[in-house]
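# Architecture at a glance
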Amino acid sequence: MGIENMFSVFDISSSGLSAERIRMNVIANNIANANATETPEGGPYRREQVEFSSLLNKTMKNNNIKGAERLGGVKVQRIMKSNEPFNKIYNPGHPKADAKGFVDMPNVSVMMEMVDLVTASRSYEANLAVINSTKDMNNRALSIIGKDIWKWKLQTATKDLT
């Protein structure tokens, strides 16, 4: 494994961390606006969703490995507004109620947002675990190499004395 491959693990996982952080921010925004009946664009708040896309890795040195170019991580392609219909509730005293007493409410389900938040959080944790495992593995490898180098230097020094 070359050093460029070692760092690609960190690049891939950190792209996942960044993407999931953005996803959690969008989810938090959806929850915060779950009852917003008025937005600057007019009308109730529309739920937002994050769309991810794969990154291609053009720096992989192992071009002989089929599919290696796909090992580039993930990025946020866009944040899009949901086209789902608004939730209608009967609340004739609400200032935004129509003639029949119904109010268009945001198409945000706090329960669904919480499920998405747990999923994003678990994905974030998984990417963090990959980074920590890779870091530990690299440290152990460097420790082994370091011991071998010191053993070799000690043997060489001992030979010089005899």
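Residues numbered from 1 in each chain as written. Predicted model: local features only at pLDDT ≥ 70, side-chain atom pairs only at ≥ 80, totals over all residues. Heavy atoms only, no water.

### Considerations on the overall build of the chain
For the chain, the helix and strand inventory stands at two helices and four strands. Counted from the first residue to the last, the chain has its helices and strands arranged as α-β-β-β-β-α. Put simply, of all contacts in the chain between residues at least 6 apart along the chain, 63% involve residues at least 24 apart. Approximately 11,300 Å² of the chain is accessible, and the part contributed by carbon and sulfur atoms is 59%. (Helix = DSSP H or I, 4+ residues; strand = E, 2+ residues; numbered from the N terminus. Contact = heavy atoms within 4.5 Å. Areas by Shrake-Rupley, 256 points an atom, 1.4 Å probe, with all protein chains shown as cover.)

### Overview of the packing of aromatic side chains
Evaluation of the coordinates by the stated rule reveals one aromatic pair. Geometrically, the ring pair formed by Tyr90 and Phe102 is edge-to-face, given 5.4 Å between the ring centres and 65° between the ring planes. Here Phe102 lies in strand E4 (residues 102–105) and Tyr90 lies in strand E3 (residues 87–90), a separation of 12 residues in the sequence. A relative accessible area of 56% means that Tyr90 is categorised as exposed. Assessed through its relative accessible area of 34%, Phe102 is described here as partly exposed. (Phe/Tyr/Trp six-rings, centres within 6.5 Å; stacked < 30°, edge-to-face > 60°. Buried < 20%, exposed > 50% of the residue type's maximum accessible area, 1.4 Å probe, protein only.)

### Section: the side chain of Thr134
Following the sequence through the fold, Thr134 ends up in helix H2 (residues 110–161). Residue classification places Thr134 among the buried residues on the basis of a relative accessible area of 10%. In this structure the side chain of Thr134 is engaged in a polar contact, spanning 2.8 Å, whose partner is the backbone oxygen of Val130. Those residues within four positions of Thr134 in sequence are excluded, and the remaining contacts are Val9 and Phe10. (Polar contact = N/O pair within 3.5 Å; in protein donor to acceptor, adjacent residues only side chain to side chain.)

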